[in-house]
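Survey of secondary and tertiary structure
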Amino acid sequence: MKWKVPLFDLNLEQAEREAVQRVLDSGWLTMGEEVIAFEREFAKHAGAEHAVAVTNCTAALHLALRALDIGPKDEVLCPSLNFCAGPNVISSLGAKVVFTDITSDDDLCISPEDAAARITPRTKAIMVMHYAGTPCDMDAFHKLAEKHGLRLIEDAAHAPGASLNGAKCGTLADLACFSFYSNKNMSTGEGGMITTNDETLAVRLRHLRSHGMTASTLHRHKGHAFSYDLIEPGYNYRLDEMRAAMGRVQLSRLEGFNAQRKKMDECYRTWLDDLEGISLPFSSHRGKPSYHIMPALLSPGIDREDFMQALKDSRIQTSIHYPPSHLFGWYRKQKPDQCLPVTEDVTAREVTLPLFASMQADQVELVCDVIRNYLEKREKAA
Ligand SMILES: Cc1ncc(COP(=O)(O)O)c(C=O)c1O
């Protein structure tokens, strides 16, 4: 399918190509000076003390939980309106995933009130997710964490560059995890980062990222170490130099990307504002979002598949973010009768419209025209 308006489009220029070429010419392909520089620049941009580069955000979330010693006796809260990576890593460590509802059909982030009601003596952490790049209500989550002695993790896959009360996502919890997967605000193909202000956690993350070893190949190459010890069993979650070099360029362009996304978000809100049958969540944004995706909610009774097909017929790509995690077969087996009313209502009506940094206003206009025609035709037929 040749889309007139794709859901997402990459934004790569000569600078990214030159960065990758520079690495290929250097003769050092993984965990070298580019990774070190990417970590330093990412930490500075986020305002965090430490940044640890990893292969992807799923690995970042896994390491974050390992660094907090989450294991089989623990419960971890996370939203069901989520990509499956968060719940899956909690589950894979033998801990219990406690799915939590979202706040409303306007605020699609995890609800602090519902979270409070799900805390038990076994709860060890809350993994919030800044849905669509709007920061969660972190003041409320900090109060909960303090009251119950819990650790907080940000799944910030949608939220590089977003901030709340002047502090960037990446500094709003004990640990924060980012994704540089192709369709994210910054793209390196695969790639991830963990930020923290806790030095002890940062040291442990660096060990766990590379098998639990105390010295890297670069250390030995530079003559800083002859051998190494193994502190605890870890993983190979190392990032390569090509992706780090690309990531540095994408990071330097991130604020511009997010500003363009914001403009497109405003166009959608202006042109869909008076239209019956569709609404745009986050009508009053909390903090400064990163505008990762453009979720829209169809009014009850509108057939979502038919709506998406109408856009597809006009060569406009849409998606769904996300099917509710608590209703996936695996999680339903663990807790067959769980009901999260707000999540279930929203996930049945959500459609994600195209949004990307190189998108132009005339593309948003086209999407909105097709939506308007569809909804007005439907109204007349009723
Ligand atoms: C909210 C969220 N968390 C985690 C991930 C996993 O990221 P990665 O693909 O980098 O492992 C994604 C990826 O789509 C995501 O959207």
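Remember, predicted model here, so these are calculated numbers, not experimental data.

1. Observations concerning the sheet that holds strand 1 (residues 50-54)
Pairing is mixed in the open sheet, where 7 strands are placed in the order 1-9-8-5-4-2-3. Strands with a single pairing partner mark the edges of an open sheet, and in this sheet they are strand 1 and strand 3 (96-100). For this sheet the average axis-to-axis angle between neighbouring strands, irrespective of direction, equals 20°. Bridge count for strand 5 (residues 151-155) against strand 8 (residues 175-179) is 3 bridges, and the pairing is parallel. What sits directly across from I153, in strand 8, is L175. On the sheet, helix 2 (residues 33-46) packs against strand 1, strand 8 and strand 9 (192-196) and is oriented at approximately 135° with respect to strand 1. Helix-sheet contacts for helix 4 (residues 85-92) involve strand 2 (75-79), strand 3 and strand 4 (123-129), and the interaxial angle to strand 3 is about 150°.

2. Here we look at the site of the ligand
Lining the immediate surroundings of the ligand are 14 residues, of which C57, T58, D155, S179 and K184 lie closest. For the ligand, an oxygen atom lies 2.8 Å from a polar atom in the backbone of C57. The separation between an oxygen atom of the ligand and a polar side-chain atom of H158 is 3.2 Å. Contact with the protein chains removes 92% of the 400 Å² of surface that the ligand exposes when unbound. Residues of the shell around the ligand, tallied by class, amount to 7 nonpolar, 5 polar and 2 charged.

3. A word on the sheet that holds strand 12 (residues 350-353)
Here 3 strands make up an open sheet; going across it, the order is 10-11-12 and the pairing antiparallel. Both edges of this open sheet fall to strand 10 (278-279) and strand 12, since each of them pairs with a single strand only. Summarising the sheet, strand 11 (residues 294-298) and strand 12 pair through 4 bridges and their orientation is antiparallel. For P295, the partnering residue across the bridge sits in strand 12 and is T352. Against the sheet, helix 10 (residues 304-313) makes contact with strand 10, strand 11 and strand 12, and its axis sits at roughly 15° relative to strand 12, the strand it touches most.

4. Notes on the confidence of the model for the chain
Keep in mind that low pLDDT regions are not for reading the predicted coordinates in detail. When the pLDDT values of the chain are averaged, the result is 97; 100% of them are 70 or greater. Within the chain, helix 8 (residues 217-221) has the poorest average pLDDT of any element, 79, and strand 8 the best, 99.

5. Here we look at the packing of aromatic side chains
Scanning the model with the defined rule gives 10 aromatic pairs in all. Taking the centre distance of 6.2 Å and the plane angle of 80° together, the rings of F38 and F42 count as edge-to-face. With a gap of 4 residues between them, F38 and F42 both fall in helix 2, about one helical turn apart. F42 matches F38 in its accessibility class, with the two residues each being buried. Summarising the aromatic geometry, the rings of Y131 and Y322 are spaced 6.5 Å apart at their centres and angled 85° between planes, so their arrangement reads as edge-to-face. Taken together, the positions of Y131 in the loop between strand 4 and helix 6 (138-148) and Y322 in the loop between helix 10 and helix 11 (329-334) put the pair 191 residues apart, joining distant regions of the chain. Exposure remark for Y131: the relative accessible area of 1% places this residue in the buried category. On the basis of relative accessibility, which here comes to 10%, the residue Y322 falls in the buried class. Each residue in the set F38, F42, F178 and F180 is aromatic and connected to the rest through ring pairs, giving one cluster.

6. Here we look at the pairing of strand 5
Within strand 5, 4 of the 5 residues are buried, which leaves the element mostly enclosed by the surrounding structure. In terms of strand pairing, strand 4 meets strand 5 through 5 bridges, oriented parallel. Paired with A125 across the strands is R151, a residue of strand 5. In this fold, strand 4 hands off to helix 6, which returns the chain to strand 5; that crossover is right-handed.

7. A word on the pattern of salt bridges
Considering all chains together, one arrives at 24 salt bridges under this definition. A salt bridge links D345 to R349, with the shortest nitrogen-to-oxygen separation between them at 3.0 Å. Of this pair, D345 and R349 both sit in helix 12 (residues 341-349), separated by 4 residues, roughly a single helical turn. Residue classification places D345 among the partly exposed positions, given a relative accessible area of 33%. Exposure remark for R349: the relative accessible area of 12% places this residue in the buried category. For the salt bridge of E376 with R372, the shortest nitrogen-to-oxygen distance reads 3.7 Å. Taken together, the residues span about one helical turn, with E376 and R372 both in helix 13 (residues 361-381) at a distance of 4 residues. With relative accessibility at 36%, the residue E376 sits in the partly exposed group. Take R372: its relative accessible area is 23%, and that puts it in the partly exposed class.

Definitions and limits used
- Residues numbered from 1 in each chain as written.
- Predicted model: local features only at pLDDT ≥ 70, side-chain atom pairs only at ≥ 80, totals over all residues.
- Heavy atoms only, no water.
- Pairing = 2+ DSSP bridges.
- Helix = DSSP H or I, 4+ residues; strand = E, 2+ residues; numbered from the N terminus.
- Axes fitted to C-alpha atoms, helices over the stretch in contact; angles between N-to-C directions.
- Contact = heavy atoms within 4.5 Å.
- Near = heavy atom within 4 Å.
- Polar contact = N/O pair within 3.5 Å; in protein donor to acceptor, adjacent residues only side chain to side chain.
- Areas by Shrake-Rupley, 256 points an atom, 1.4 Å probe, with all protein chains shown as cover.
- Nonpolar A, V, L, I, M, F, W, Y, C, P; charged D, E, K, R; others polar.
- pLDDT = per-residue confidence, 0-100.
- Phe/Tyr/Trp six-rings, centres within 6.5 Å; stacked < 30°, edge-to-face > 60°.
- Buried < 20%, exposed > 50% of the residue type's maximum accessible area, 1.4 Å probe, protein only.
- Right-handed = clockwise from strand over helix to strand, strands pointing away.
- Salt bridge = Lys/Arg side-chain N within 4 Å of Asp/Glu carboxyl O.

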